[in-house]
Amino acid sequence: ALSPRAALASRCPRPTPNTTPRRGATSSMPYARMRSLAAAALAISVRLTHGAAMTTPASARMAVMSGGAPMRTPILRSQRLSTSPSMVLDAPTRASALDRAPAKHPAFELLRVEMIDEYTIKCATYRHVRSGAEIISAQADDDNKVFGIVFRTPVKDSTGVPHILEHSVLCGSEKYKSKEPFAELLKGSLQTFLNAFTYPDRTYYPVASQNTKDFYNLVNVYLDAVLNPRAMRDPTVLQQEGWHYELEDPAEPLMYKGVVYNEMKGVYSSPESRMYRAAQQATFPDNTYSVDSGGDPTVIPTLSFEQFKAFHDAYYHPANSRIFFYGDDDPDYRLQLLDEYLSAFEAPSTPPASAVATQPLIQSPRKVVEPFPASESEAAVGAPSHMVMVNWLLNEEPLTAVDELALNVLDHLLMGTTTAPLYKAMLDSGLGAALMGSGLSDELKQATFSVGLKGVKAEDVPKVEKLALDTLSSVATSGFEADAIEASLNTVEFSLREMNTGGFPKGLAFMLGLMPRWIYRDGESPTDALRFEAPLATLKERLASGEKVFEGLLQRFILENQHRTTVELTPDATLGAKLQAAEEEELAAAKAKMSEEQLQEVIAATKALKEAQLKEDSEEDLATIPRVGMA
């Protein structure tokens, strides 16, 4: 997904010689699954948490194997929308969507109205009085309408509960009971975006469409899915999407199965994903980022249905949500629709305990060494198979708007082109085969900077860290050329002004851009994240005065910063077999403790789950999926 400077990374890409990853799969990326071809546009800039791959769940595998587009398998609501045709027809032609006054509704308190001149957007911020939900309703002359509901979902363990829940809430709800709603929606929907992402501390559910009726169909489906999911009363959803024991014959070995369980086993087999996960956990040892929100395969099977349900009850309440609308649709109808769902909930007396704790800066460098599964040749003595990444946690207090913008320019100066000093020094050193590290990453509560190499010989591992530190120190001393500063500043400025989001909705980039400020900085206006004119003017003034802005930032945030963690991954040819043996031993012990009756229950549950997965939807259930007609 995109950084708080919405889509900046996708518009200022890293050079990509050979197989060098552009900005790598950083530790702050979401687990995003492809549910439609439209989502492929975002996949270009989606960064996968801990290196998670773009995968498809359960029944979506059938579409993939048959050559179809990967699609989501959940079951969504099963009731035709009751929206009035007059409310869902495309907006009438008018001079501008901005001409409309901000909507008013008795169920909502209007907190503020702001104009984002940089992008010509009028934003009204509301609080739903009864439920406590916060809403930003953005009016813009853009027919590609966007909706998203986001929940803060910090975790204390690596059971993967937010990741499993993100799959599961889209497996049916009180009103939409179809077994394959995404497949059905795609047949009759004009959606331009349909997906969901799990970050280390929050979960997004965004949709978009240029057709107003279709747009509200999707909004209704998503709202009922997250607030009233079937998964909360049907344990088989957790079994399918999370994990379950599988056994068809008492003589056969017991197995773990489940969509997320299988997905994360694949993720954990990737050396790169292990590196980015280890880097995140080492950089943030004391808060929610120290565990894996996507799920560790060795921990996922400890998740119970009671824990699963309790997590939804705690964090999927509207009081813990942030709701975003964008486009040229009727702002009054947005509130009317939201109230139909939110009025069923009452704000708790104390807010949900979902705030993300700040990681204190640690005043001493640390080193972490972990193994990764490798082949015999990769693990051979002298093989260039090691990975090294140096990581800094940049700030404890929130960054100012000027520092945030300036750090993006510094990032481009250091790593944004093939001739950038840090990028060039790392690749030209010959110490490794390809670059690792995302440079600046500011998607989480605190910003990080990372750089490293993969394909490194064991004896060269210390040289990689020294090279990075020496290069950064040399740059800080010698300074940046004026032409380089001008080029990087112009690149970033042009990117912000152009706001080219490629093949996915612009409103989605705005939502992703303002969301971190919304969920991390209570009391501040989230829309400030989209404003760049004032900080840009200040930055230019400081540069014009002769101030060494970027050299100072480099010295303050990186070179003088002792919160530095060097992570090394070493190849281990026996690790894969050891992990498999440990899993088989654990399952054998679990089976040995089961009585004959319990074994038969597992066999019966396995059979019932497979039958349920293969069962066709009834005509009645299919008829409940909202569609648009030819008109």
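Now for a description of the structure that goes with this document. (Residues numbered from 1 in each chain as written. Predicted model: local features only at pLDDT ≥ 70, side-chain atom pairs only at ≥ 80, totals over all residues. Heavy atoms only, no water.)

**Things to note about the overall build of the protein chain**
Put simply, the rule is: For helices the rule is a DSSP run of H or I covering at least 4 residues; for strands it is a run of E covering at least 2, with both sets numbered from the N terminus onward. Each residue is placed in one exposure class: buried if its accessible area under a 1.4 Å probe, protein chains only, is under 20% of its type's maximum, exposed if it is over 50%, and partly exposed if it falls in between. Here, residues are in contact when the closest pair of their heavy atoms is within 4.5 Å. Here the open area of atoms and residues is found with the Shrake-Rupley method and a 1.4 Å probe, where only the protein chains shown may cover a residue.
Assigned secondary structure in the protein chain consists of 23 helices and 16 strands. Within the protein chain, the fraction of its 631 residues that count as buried is 59%. Partitioning the intrachain contacts of the protein chain with sequence separation of at least 6 by distance along the chain shows that 79% fall at a separation of at least 24. Surface accessibility of the protein chain: about 24,100 Å² in total, with carbon and sulfur atoms responsible for 54%.

**As for the packing of aromatic side chains**
To describe a pair of aromatic rings, one takes the distance between the centres and the angle between the planes. Put simply, the rule reads: Think of it this way: a Phe, Tyr or Trp ring, Trp meaning its six-membered ring, pairs with another when their centres are within 6.5 Å, and the plane angle makes it stacked under 30 degrees, edge-to-face over 60, tilted otherwise. Here, a charge over a ring is recorded when the distance from Lys NZ or Arg CZ to the ring centre is within 6 Å and its angle to the ring normal is within 35 degrees.
Across all of its chains, the model carries 23 aromatic pairs by this definition. Relative to Phe-510, the ring of Tyr-119 lies with its centre 5.0 Å away and its plane at 50 degrees, an arrangement referred to as tilted. On the criterion of sequence distance, the pair formed by Tyr-119 in the loop between strand 2 (108-116) and strand 3 (121-128) and Phe-510 in helix 18 (residues 506-520) is long-range, its members being 391 residues apart. Exposure remark for Tyr-119: the relative accessible area of 15% places this residue in the buried category. Taken together through their ring pairs, the aromatic side chains of Phe-147, Phe-215, Tyr-216, Phe-325 and Tyr-333 make up a single cluster. Stacked on the ring of Tyr-199, the Lys or Arg Arg-202 has its end atom at 4.2 Å from the ring centre. Looking at Arg-277, its charged tip hangs above the ring of Tyr-268, at a distance of 3.7 Å from the centre.

**Some points on the pattern of salt bridges**
Rules: Put simply, a salt bridge is a Lys or Arg side-chain nitrogen that is within 4 Å of an Asp or Glu carboxyl oxygen.
Taken as a whole and assessed by the stated rule, the structure comprises 30 salt bridges. With its nearest N and O atoms 3.6 Å apart, the salt bridge here joins Glu-246 to Lys-610. Here Lys-610 lies in helix 22 (residues 596-614) and Glu-246 lies in strand 9 (residues 244-246), a separation of 364 residues in the sequence. Classification of Glu-246 as buried rests on a relative accessible area of 10%. With a shortest N-O distance of 3.9 Å, Arg-322 and Asp-522 are connected by a salt bridge. Placement of Arg-322 in strand 11 (residues 321-327) and of Asp-522 in the loop between helix 18 and helix 19 (533-544) is noted, with a sequence separation of 200 residues between them. By sharing partners, the salt bridges in this structure join Arg-112, Glu-114, Asp-528 and Arg-531 into a single network.

**A word on the environment of Gln-446**
For the record, the criterion: The term polar contact refers here to a pair of N or O atoms within 3.5 Å; inside protein, the definition further demands a hydrogen-donor-capable atom paired with an acceptor-capable atom, and it admits residues adjacent in sequence only when both atoms are side-chain atoms.
Along the chain, Gln-446 turns up in the loop between strand 14 (434-441) and strand 15 (448-456). Sequence separation between Gln-446 and Pro-398 is 48 residues; the distance between their C-alpha atoms is 7.3 Å. Once residues within four sequence positions are removed from consideration, Gln-446 is found in contact with Phe-284, Asn-287, Thr-358, Gln-359, Leu-393, Asn-395, Glu-396 and Ser-441. Polar side-chain contacts of Gln-446 include one of 2.8 Å to the backbone oxygen of Asn-395.

**Focus: the side chain of Arg-334**
On the secondary structure map, Arg-334 appears in helix 12 (residues 331-342). At a separation of 2.7 Å, a polar atom in the side chain of Arg-334 contacts the side chain of Ser-137. Look past the residues within four positions of Arg-334 in its chain and what remains in contact with it is Ser-137, Ala-138, Gln-139, Tyr-216, Phe-325, Tyr-326, Gly-327, Asp-328 and Asp-329.

**Here we look at helix 16 (residues 461-478)**
Filter applied, for reference: Here, expected helix span is obtained from the residue count minus one, scaled by 1.5 Å. The arc under discussion is defined with respect to the helix axis, by the directions toward the C-beta atoms.
Relative to the 26 Å expected for 18 residues at 1.5 Å per residue, helix 16 spans 26 Å between its end C-alpha atoms, a close match to the ideal helical length. Burial in helix 16 covers these residues: Val-461, Val-464, Leu-467, Ala-468, Thr-471, Leu-472, Val-475 and Ala-476. The arc enclosing the buried residues of helix 16, seen along the axis, measures out at 155 degrees, which places them on a common side. For helix 16, the exposed residues set more than 90 degrees away from the buried face come down to Pro-462, Lys-466, Thr-477 and Ser-478.

**Here's the deal with the nonpolar core**
Applied cut-off: For the purposes of this section, nonpolar cores are sets of buried Ala, Val, Leu, Ile, Met, Phe, Trp, Tyr and Cys residues that join through side-chain atoms within 4.5 Å. For the domain bounds, the source is a domain assignment made automatically or taken from a database.
Core analysis: the biggest nonpolar cluster contains 82 residues, and Leu-414 and Phe-550 have the highest contact counts within it. In terms of residue count, helix 18 provides more of this core than any other element does, 10 residues in total. Counting residues domain by domain, this core receives three or more from each of domain 1 (98-355 + 575-624) and domain 2 (366-572). Once residues lying within four places of it in the same chain are set aside, the contact partners of Leu-414 are Ala-420, Pro-421, Leu-422, Tyr-423, Phe-449, Leu-472, Val-475, Phe-480 and Leu-554. In terms of nonpolar packing, the next biggest core, distinct from the first, is built from 70 residues, Ile-135, Tyr-216, Tyr-316 and Tyr-341 among them.

**Here we look at the packing of helix 5 (residues 161-168) against helix 11 (residues 305-315)**
Heads up, the rule is: Axis definition: a line fitted to C-alpha atoms, limited for helices to the stretch in contact. Angles are taken between N-to-C directions and run from 0 to 180 degrees. Here is the rule for angles: anything less than 35 degrees is roughly parallel, anything more than 145 is roughly antiparallel, 65 through 115 is roughly perpendicular, and the remaining ranges are oblique. Under the grouping applied here, Gly and all other residues not named as nonpolar or charged are polar, the nonpolar ones being Ala, Val, Leu, Ile, Met, Phe, Trp, Tyr, Cys and Pro and the charged ones Asp, Glu, Lys and Arg.
Packing of helix 5 against helix 11 leaves a shortest axis separation of 10 Å and a crossing angle of 80 degrees. Relative to helix 11, helix 5 is oriented roughly perpendicular. In this structure, helix 5 contributes Val-161, Pro-162, Ile-164, Leu-165 and Ser-168 to the contact, and helix 11 contributes Phe-308, Phe-311 and His-312. Across the contact of helix 5 with helix 11, the residue classes break down as 6 nonpolar, 2 polar and no charged.

**Quick word on the pairing of strand 15**
Quick reminder of the rule: When DSSP locates at least two bridges between a pair of strands, those strands are taken to pair.
Where burial is concerned, most of strand 15 is hidden: 9 out of the 9 residues are buried. With 8 bridges connecting them, strand 13 (residues 386-393) and strand 15 associate as antiparallel partners. In the strand pairing of strand 15, Val-390 is matched with Val-451. Here 6 bridges tie strand 14 to strand 15, and the two strands are oriented antiparallel to one another. Following the sheet pairing, Met-436 is matched in strand 15 by Gly-452. Linking strand 14 to strand 15, which pair antiparallel, is a turn of 6 residues.

**Focus on the side chain of Asp-296**
Stated precisely, the cut-off is as follows: His is not counted, nor are the chain ends; Lys and Arg add positive charge and Asp and Glu add negative charge.
As for its placement among the helices and strands, Asp-296 is situated in the loop between helix 10 (271-283) and helix 11. The side chain of Asp-296 sits in the buried core without any salt bridge; Arg-277 is the nearest counter-charge, 5.8 Å away.

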